[in-house]
Amino acid sequence: MKTAVPEEENALNKKDFVAPNDVRWCPGCGDYAILNAIQRTFPELGVPKEKFVVISGIGCSSRFPYYMNTYGFHTIHGRAPTVATGVKVANPELSVWMVTGDGDGLSIGGNHLLHLIRRNPDVNVLLFNNRIYGLTKGQYSPTSEVGKKTKSTPVGSVDYPVNPLLFALGSESTFVARTSDTDMKHMVETFKAAHAHKGTSFIEIFQNCVIYNNKTWEPVTGRESKAEQSLFLEEGEPLVFGAERNKGIRVNGFDPEVVTLGENGVNESDLLIHNSKTSNPAYPALLSQLNYPAFPTPFGIFRQLEGRETYEDAVTQQLEVSHSKQGEGDLQALLTGSDSWVVE
Ligand code: SF4
């Protein structure tokens, strides 16, 4: 006779998501913290373990599926979006997580990522941004700064960098967020919010490559600079930052500016109020362009729009309508039908 197992004994924990494989990132790499955050997040999502799939492209970050004790697919360079979309459409019940880097996602796979985002499948995209190609030993990437000296730019890069969040917003992403490998609590909260969103969730993660681009985010996320150079977005709250919480962001015409509360009659009512749910992309686009050193760098959810149909729902509905009107398809008849011809 079967005995019912108490629910708490069925509960998943972090260990359930740790794969037995050796983790082969460099000691000190920021990827470890992100892996830890995901392994802490998954047990809390209420999703059966067998419903998780982690899909990656190529690069250091893309080794992720090896280290997760879930279904996974380490695909080819830049093509994770294609596979992730197919997996979600084939089985909409799966919780699909796509891992990519700034090179894999914005250079080799930039075109594919654009189309995933605009189609809005319910896929969670984690873009690890370390502003360098780590796996191939230190070439400049699409997010490297102008002037960056690397093995492939010995006198400095002349390429203007891609802003990943602006790229996602330009592709009409329905969920856009940023977090950092230095902030475990914030990562877990952000991943949970991404999971809760129905549609594509795009998350940029500031990640440190300790070998080829060490401390690239230190001026923003470092212990000394975080309070003055980071801005944590809170829904419905004014954009306030600073060690003494006395600075804020207001707009002057179309341009943002940093102001000090209490100076020149400025108070909180003058500041921008965070609203991630506005359908106007101008506000999250403005936020995404707040950069070091002139502005604090925002972290949190920039945009979350509910209600847009997901790709898998649209495709499933279309298939159901076609089936009800025309019955089961016949591939052979399609291939040899009136739209085919013989080459002589
Ligand atoms: Fe991490 Fe950089 Fe090493 Fe790659 S090369 S594993 S990104 S530290």
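In what follows, the accompanying structure is described.

Rules and cut-offs
Residues numbered from 1 in each chain as written. Predicted model: local features only at pLDDT ≥ 70, side-chain atom pairs only at ≥ 80, totals over all residues. Heavy atoms only, no water. Near = heavy atom within 4 Å. Nonpolar A, V, L, I, M, F, W, Y, C, P; charged D, E, K, R; others polar. Pairing = 2+ DSSP bridges. Helix = DSSP H or I, 4+ residues; strand = E, 2+ residues; numbered from the N terminus. Salt bridge = Lys/Arg side-chain N within 4 Å of Asp/Glu carboxyl O. Buried < 20%, exposed > 50% of the residue type's maximum accessible area, 1.4 Å probe, protein only.

1. Observations concerning the site of the ligand
Residues in close proximity to the ligand include Trp 25, Cys 26, Cys 29, Cys 60, Asn 130, Gly 134, Gln 207, Cys 209, Val 210, Ile 211 and Tyr 212, which together make up its full environment. Classifying every residue of the shell around the ligand gives eight nonpolar, three polar and no charged.

2. So, the sheet that holds strand β10 (residues 255-260)
Overall, antiparallel pairing links the three strands, which are arranged β8-β9-β10 in an open sheet. Two strands close off the open sheet at either side, each with one partner strand: β8 (240-241) and β10. Both β8 and strand β9 (residues 247-252) contribute to a ladder of two bridges, which runs antiparallel. Considered in β9, the bridge of Phe 241 is made with Lys 247.

3. Observations regarding the pattern of salt bridges
Oppositely charged side chains may form a pair once their charged atoms are brought near each other. As enumerated under the stated definition, the model contains 10 salt bridges in all. Between Arg 131 and Glu 145 there is a salt bridge, and its shortest N-O distance comes to 3.7 Å. Of the two residues, Arg 131 is situated in the loop between β4 (123-129) and α7 (164-170) and Glu 145 in the loop between β4 and α7; the sequence distance between them amounts to 14 residues. Its salt-bridge partner being Glu 172, residue Arg 308 comes within 3.9 Å of it at the nearest N-O pair. One end of the pair, Arg 308, is in the loop between β11 (297-304) and α12 (311-326); the other, Glu 172, is in the loop between α7 and β5 (175-180), with 136 residues separating them in the sequence. Note on Arg 308: relative accessible area 32%, which makes it partly exposed.

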